[in-house]
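Coordinate analysis (summary)
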Amino acid sequence: MKGAAGLLARYAEDRVAAAALALFALLALAALAAPWLAPQNPYDLAQLDILDARLPPGSAAGATELVYRLGTDAQGRDMLSAMLYGLRISLAVGFAATAGGLALGLLVGLSSALAGGRVDALIMRAADLQLAFPAILLALILLAALGPGPGKIVAALVAAQWAYYARAVRGVALVEREKDYIAAVRLLGLSGPRILFRHLLPNCLPALIVVATLQVGAAIALEATLSFLGVGLPVTEPSLGLLIANGFQYLLSGKYWISVFPGLLLLGLILAINLVAERLRVLLNPRLQGV
Amino acid sequence: MTALFELENVGMEFSVPHRSSFGPALRLAALRGVDLRVDAGEVLGLVGESGCGKSTLARIAVGLLAPSSGRRLWQGGPFPRDTRRGPALVQMVFQDAGAALNPRRPVGDQIGEAAMVRGLVTGAARAGFVSDWLTRVGLDPALAGHYPHMLSGGQRTRAVIARALAVQPRFLVCDEATAALDLSVQAQVLNLLAELRAELGLAYLFISHDLSTVRHVSERVAVMYLGRIVEQGAAAELFASPQHPYTQALLAATPSLQAGAATAAPLRGELPSPLDPPSGCAFHPRCPQAIERCRRESPAWRECGAGRLCACHLVQPEVDVIP
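Now for a quick tour of the structure.

Cut-offs used in this document
Residues numbered from 1 in each chain as written. Chains lettered and ligands numbered in written order. Predicted model: local features only at pLDDT ≥ 70, side-chain atom pairs only at ≥ 80, totals over all residues. Heavy atoms only, no water. Core = buried A, V, L, I, M, F, W, Y, C linked by side-chain atoms within 4.5 Å. Buried < 20%, exposed > 50% of the residue type's maximum accessible area, 1.4 Å probe, protein only. Contact = heavy atoms within 4.5 Å. Helix = DSSP H or I, 4+ residues; strand = E, 2+ residues; numbered from the N terminus. Buried area = accessible area lost by both parts, 1.4 Å probe. Salt bridge = Lys/Arg side-chain N within 4 Å of Asp/Glu carboxyl O. Pairing = 2+ DSSP bridges. Axes fitted to C-alpha atoms, helices over the stretch in contact; angles between N-to-C directions.

If you look at the biggest cluster of nonpolar residues, it comprises 92 residues, and the most contacted ones within it are L36, I161, F171 and L205 of chain B. Setting aside residues up to four positions removed in sequence, F171 of chain B forms contacts with L4, F5, V38, W74, L89, V90, Q91, L202, A203, Y204 and L205 of chain B. Residues A31, I258, F261 and V276 of chain A belong to the second largest nonpolar core, which totals 34 residues.

This is the structure we're talking about:
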């Protein structure tokens, strides 16, 4: 589509944002290709050698040909491999939580906007209540009750974030609903669901894309925090947050690489996502859009 | 002869939050006691200042708003519910054609969609149907795939007209349909509306603040002031000898190129707030001829000529039949 190419060209006018998008694409590709890129399968305990524990970057493995370019952790795991797999988990959890939150938020927000009156007030007060809780606290409580696991952490993140989407959707839908094109299709006699899905929803999406992009970053950071605190993912499948937590105790004893490299990767990932979101926010703002 | 479309004693009140968020909600009377009649194939012009309730009236006429009081009639009976099948009865051409088109769908899609949902055209014939309508409103059929922002203002208005007429209404409400267009395009769109009317036997309610446009297109004219109709009658007669002081002031305010043409003093002040309408005749605070009675009593309709009605205490019945 011509519009998409035009959008990409305008996006790239901001060099920093273009670099951020490139970095994000690179990281996403690396995460997808982790099984082929990683020198070692960090989940396969048979491949780990406990004698190679806490080796500094660049060390050669004791028993194999492997060179640990970014060092090893306390289990003798190659940090580069662990980080690639960790990135995979972080991204998967972030996107799954965003997709879930977006779906739930869309449903709740659109119903709220269309129902109006008491239903609307009830839903929005529930959202207020949820937003009044720190997201981390809510997720902590939920995970403490549910136990660790990727599915459960996604559920906890959705529960902690749906309200942002619901509020954004409701706000946009209330504005769009009053526009003449909706009045026009009502007058033409189209059915409610048709108006909702073919006219109202597509016009609400651009604003949501921005919220969703920002929330991917927030979800990844939240998951990392939860994992760091030890309630997120199991130790056998470390995400970036858990890797940082694993190296935390060695940080002051000179073995910086166990925490610092996953930390830098997480920082780069979230920074890239936030820069992309910020650029999208500018591009999709109707007031800045050339009509 | 029964009228095609009527509004009977229609009133519309909105409730507006009080300025000091704790006070009681205020009632805004946008329309009060409006009676209108449009015959089949007729063009009724509706003029009035900005904010006098024209757009509210348009939305009630097409059924987008339900009036607080009064009724909408179709051929003398209650207005039928839209069954969403077959031809529609009324459609509307919106003031801002850009806002009335979905910005994310090609215009051809939007023209064909409702006609197909209503069973007026089959899926296979839809593309031809859309090209046909685009041609009829004077647009290139190649524009079917264009998005609204790629069209000019006049093209958008034409697309909105095509979309409204594609569901075969018999009555079209044009709410300031040409107000946003420049003069040459305005003239083209007015001619198009006239052609389509002759071709399809449509009736129009043509709403505008522009007197010359209304004069040009209408057979009958109604003049509105602060939510009420103050005068109505055949266009030629009404413009030739306005009876209500408001109509007189409106016509006098129309710029004239005639040198030395006698002009009445322009109206003073603003349209009063419909939140706090004046007592008696709503026009009395601005009326140059107001008498004591105007302050106390709201004027009833008086006949002032053949088929002409005027709501003013000062108008003598049958005044213009006296030579």
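Looking now at the environment of E176 of chain A. Residues and elements named next belong to chain A. Inspection of the secondary structure assignment puts E176 in helix α7 (residues 150-177). Exposure remark for E176: the relative accessible area of 10% places this residue in the buried category. On a C-alpha basis, the gap between E176 and I89 in space is 37 Å, while along the polypeptide they are 87 residues apart. If we skip the residues at most four places from it in the chain, E176 touches Y181, I182, L200, N203 and C204.

Of the residues lining the interface, 23 residues belong to chain B; the matching set on chain A comes to 18 residues. Summing the contributions of chain B and of chain A, the shared interface buries around 2,000 Å²; its carbon and sulfur component is 55%. Contact with chain A buries surface across chain B, with L64, R104 and E113 of chain B losing the most and accounting together for 25% of the total. If you look at where chain B meets chain A, you find 2 salt bridges. Its salt-bridge partner being R59 of chain B, residue D180 of chain A comes within 2.7 Å of it at the nearest N-O pair.

To continue, consider the sheet that holds strand β12 (residues 309-310) of chain B. All names here are of chain B. Taking strand neighbours across the sheet as the criterion, the 8 strands line up as β6-β7-β8-β3-β9-β10-β12-β11 in an open arrangement whose pairing is mixed. Two strands close off the open sheet at either side, each with one partner strand: β6 (90-93) and β11 (302-303). With respect to the sheet, helix α1 (residues 54-62) is in contact with β3 (43-47), β6, β7 (171-175), β8 (203-208) and β9 (220-225), its orientation differing from that of β6 by roughly 150°. Contacts from helix α9 (residues 245-253) reach β9 and β10 (228-234) within the one sheet, and its direction differs from that of β9 by about 100°.

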